[in-house]
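Chain and residue survey
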Amino acid sequence: MIYAAILALALDATPEKPKLAVLDLQVSGLPAESATALYDALVAEVSRRGYFAVVSSKEITTLLGLERQKQVLGCDESSSSACMAELAGALGSRFVLSSSLAKLGDALQLSMQLLDTQKAQTIARAVRIARDTRALAGTLPWAVAEATATPAPPRPSTVLPWTLVGLGAGAAAAGAVAGI
């Protein structure tokens, strides 16, 4: 058994990544168009992290054709998310990431949950609240890590900003001394 693992490493054979289907972002209290960019950023972030072979609902729809999908599954507009989850399972996606975006007063709430289709249970959840979609998009790397139960990315370094503040303060002090 150990020899097989060493041989696999030597041949650079990587195990197949588990498949993850990212369902459409369910939107309430906002125009659907305002969430399209956030959905695309969400799919890109899950893909970028590299833990899963990701397929978006847009790709599933494109592959099968929306009308064909509806006919095969007997879907209607009110149950499209459930149909996508069923379809993801049929395509061999073990995991399904569902998400919703809701307007709460002046804030936006993004909720995500990861479902294991083989065990029929929720594995992880994440909720983020922000003032606008730009701020919400800024929290996506950490929200996706939490929602997919994968390691969190490192926080951005604060060394450069503090170095620049220190250099600016030093330059101002040197200028004040030189001026005196």
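Described below are features of the structure shown in this document. Being a predicted model, the structure only gives us computed values, none of them experimental. (Residues numbered from 1 in each chain as written. Predicted model: local features only at pLDDT ≥ 70, side-chain atom pairs only at ≥ 80, totals over all residues. Heavy atoms only, no water.)

1. Concerning the sheet that holds strand β3 (residues 95–104)
- In spatial order, the strands read β2-β1-β3-β4-β5; together these five strands make up an open sheet with mixed pairing. Sheet topology places β2 (53–56) and β5 (121–130) at the edges, where each strand pairs with a single neighbour. Between one strand axis and the next, the sheet turns by 20 degrees as a mean value, whatever way the strands run.
- Bridge analysis of strand β1 (residues 19–28) against β3 gives seven bridges, and the strand direction is parallel. Bridge pairing links S28 to A102 in β3.
- The sheet contacts of helix α2 (residues 32–49) involve β1, β2, β3 and β4 (107–116), and relative to β1 the element is tilted by about 160 degrees.
- Here helix α7 (residues 140–147) sits on the sheet in contact with β3, β4 and β5, set at roughly 160 degrees to β5. (Pairing = 2+ DSSP bridges. Helix = DSSP H or I, 4+ residues; strand = E, 2+ residues; numbered from the N terminus. Axes fitted to C-alpha atoms, helices over the stretch in contact; angles between N-to-C directions. Contact = heavy atoms within 4.5 Å.)

2. Let's talk about the packing of aromatic side chains
- Within the structure shown, the criterion is met by one aromatic pair.
- Seen from their ring centres, F52 and F95 are 5.7 Å apart, and the 70 degrees between their planes marks the pair as edge-to-face. Separated by 43 residues along the polypeptide, F52 in the loop between α2 and β2 and F95 in strand β3 bring together distant segments of the chain. A single burial state applies to F52 and to F95, both of which are buried. (Phe/Tyr/Trp six-rings, centres within 6.5 Å; stacked < 30°, edge-to-face > 60°. Buried < 20%, exposed > 50% of the residue type's maximum accessible area, 1.4 Å probe, protein only.)

3. Structural notes on the nonpolar core
- Ranked by size, the top nonpolar core spans 24 residues in total, and within it L20, L42, L97, L101 and M112 carry the most contacts.
- Where this core is concerned, the elements lending two or more residues are β1, α2, β3, β4, β5 and α7.
- A per-element tally of this core places α2 first, with six residues. (Core = buried A, V, L, I, M, F, W, Y, C linked by side-chain atoms within 4.5 Å.)

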